[in-house]
Amino acid sequence: LNESSLQAVSDLNLKLDELESFKQSLSVQMSDIRSIIPTDATNLSHQLTVLQATVAGIVATTSTCIDLLQDRETFWKDQLKVEKDKRTQMEILYKAGERER
């Protein structure tokens, strides 16, 4: 793997860790909202604002993960094409060598 593909894997792992943090935060926030609903409308409004920010973070991080995965997919497709081209070239050279015998 080259340096840019290693960086992409690292970036993806970082984003996946962020998603896990968002998941945990979302769980706590939903619990807080459930407990607040019967008692305090002002605090509920605050919790809904926090929830909105968390969801926005999840959407942004998920979008970044998708971009990183698409970049990695493109990288590996390009690598496969290079390897196929090398194989084709070697087959041509092999056949040419066989004909010379």
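See the structure printed just above.
Calculation criteria
Residues numbered from 1 in each chain as written. Predicted model: local features only at pLDDT ≥ 70, side-chain atom pairs only at ≥ 80, totals over all residues. Heavy atoms only, no water. Helix = DSSP H or I, 4+ residues; strand = E, 2+ residues; numbered from the N terminus. Rg over C-alpha atoms; globule rule 2.2 N^0.38 Å. Buried < 20%, exposed > 50% of the residue type's maximum accessible area, 1.4 Å probe, protein only. Contact = heavy atoms within 4.5 Å. Areas by Shrake-Rupley, 256 points an atom, 1.4 Å probe, with all protein chains shown as cover. Lys, Arg positive; Asp, Glu negative; His and termini not counted. Charge placed at Lys NZ, Arg CZ, Asp CG, Glu CD. Salt bridge = Lys/Arg side-chain N within 4 Å of Asp/Glu carboxyl O.

> Give me the overall build of the protein: which residues, what numbers.
Scanning the protein from terminus to terminus reveals two helices and zero strands. For the protein, the C-alpha radius of gyration of 25 Å lies well beyond 13 Å, the compact-globule estimate for 101 residues. Reported as C-alpha extents along the three principal axes, the dimensions of the protein are approximately 90 × 20 × 15 Å. Expressed as a percentage of the 101 residues in the protein, the buried residues total 14%. Expressed as a percentage of contacts within the protein between residues at least 6 apart in sequence, the contacts between residues at least 24 apart total 71%. Accessible surface, the protein: about 7,900 Å² in total, of which carbon and sulfur atoms supply 57%. The average position of the 12 basic charges and that of the 16 acidic charges among the side chains of the protein differ by 11 Å.

> Break down the pattern of salt bridges for me, citing the residues and quoting the values.
Under the definition given, this model contains four salt bridges. Residue K81 is joined to D85 by a salt bridge in which the shortest nitrogen-to-oxygen separation is 2.9 Å. One end of the pair is K81 and the other is D85, both in helix α2 (residues 41–100) and four residues apart, which spans about a single turn. Overall, the relative accessible area of 41% leaves D85 in the partly exposed class.

> So, the side chain of Q47: which residues are in play, and what are the values?
Here Q47 lies in helix α2. Taking relative accessible area as the criterion, Q47 reaches 11% and is therefore assigned buried. Once residues within four sequence positions are removed from consideration, Q47 is found in contact with D32, I33 and I36.

By themselves, these observations are geometric and do not establish any function.
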